[in-house]
Each structure stands twice: as C-alpha cells, then as structure tokens.
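# Descriptive analysis of the structure
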Amino acid sequence: MKAPFITSMIAAATYGFLFTACDSPQEEAREEAVEHKADMLEKEAKNVRKDAEAAADANEKAADNIRKQAENASEAGKEDAEARADATEDNADAIRKEGERKADALEDEADVDREAK
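These lines cover the structure that appears in this document, whether it is placed above or below. (Residues numbered from 1 in each chain as written. Predicted model: local features only at pLDDT ≥ 70, side-chain atom pairs only at ≥ 80, totals over all residues. Heavy atoms only, no water.)

## A look at the overall build of the protein
Each helix and strand counted, the protein has 3 helices and 0 strands in total. What you see in the protein, going N to C, is helices and strands ordered as α-α-α. In the form shown here, the protein has an accessible surface area of approximately 8700 Å², with 56% of it arising from carbon and sulfur atoms. (Helix = DSSP H or I, 4+ residues; strand = E, 2+ residues; numbered from the N terminus. Areas by Shrake-Rupley, 256 points an atom, 1.4 Å probe, with all protein chains shown as cover.)

Okay, here's the thing in structure tokens:
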C-alpha cells in the first residue's frame, strides 16, 4: 500500500518540477525583450565611446593647429596660443572622461537588466 503512495508522490514532485522549470511563452518573450534591451544599451555605450573619442580627437587636432599657427606669432601671441591649445586639450580629456562615464553607466544598466531576468 505504501509503495504506490510513495511512487505517486515522487511522480507528482517530478511533474511539478518539470512544469515549473519550463518557461511559458510569455516568460520567454519577456526574457528576450530584456536581452534585446540590454544588447541595445551595450550598442549605445559603444557608440557613445566612439563619438566621444572622435570629438576628443578633433579637439586635439585643433590644439595642434593652434600651436602650428602660433609658430610665427610674437612671444605674447605664442603664450596665448599655447594657453588656448592647452585648454582645448583639457576639453578633449573631459570629453573622453564624460564619454566613458556615460558608456559605463549604460553598460551597468544593461548588466542590471540581464541579472533581472
């Protein structure tokens, strides 16, 4: 009498586990949407880094041009040009740092979304 009861309990537990282990179509769709959102955030982070790097490179090129133009200037003009070039390079560094900060924040958000699945 006990054998069928124990077998029935084991079978019920097994079926219960199997049904709860399978994701419903809605759950699969939700996980896919979360994964897609995380992928898009990572792609956006990559683009933010790329754009920040391009802007910073342009600023550094502008600083180099300022220095080249100042070669034939007077001493006061050279000092002024050097100060402007330094400020432009500082701006390039700030652009890079801000781009990295934004990209890291986007990647962190993507990680949080993925962990929430």
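## Some details on the environment of Ala 63
One can find Ala 63 in helix H2 (residues 25-69). Linking Ala 63 and Ala 83, residues 20 residues apart in sequence, is a C-alpha distance of 9.7 Å. Residues within four places of Ala 63 in sequence aside, it is in contact with Ala 85, Thr 88 and Glu 89. (Contact = heavy atoms within 4.5 Å.)

## Description of H2
Taking 1.5 Å per residue, 45 residues should reach 66 Å; H2 reaches 66 Å between its end C-alpha atoms and fits that length. All of the buried residues along H2 are Val 34, Ala 38, Leu 41, Ala 45, Ala 52, Ala 56, Asn 59, Ala 63 and Ile 66. (Expected span 1.5 Å × (residues − 1). Buried < 20%, exposed > 50% of the residue type's maximum accessible area, 1.4 Å probe, protein only.)

## With respect to helix H3 (residues 75-115)
Between its first and last C-alpha atoms H3 spans 60 Å; for 41 residues at 1.5 Å apiece the expected length is 60 Å, and the two agree. Tucked into the core, H3 has its buried residues touching H2.

## Looking at the side chain of Asp 113
Summarising the element assignment, Asp 113 is placed in helix H3. Accessibility expressed as a relative area gives 16% for Asp 113, which makes it buried. For Asp 113, the side chain forms a polar contact with the side chain of Lys 37, separated by 3.5 Å. Aside from chain neighbours lying at most four places away, what touches Asp 113 is Val 34, Lys 37 and Leu 41. (Polar contact = N/O pair within 3.5 Å; in protein donor to acceptor, adjacent residues only side chain to side chain.)

On their own, these measurements won't tell you what the molecule is for.
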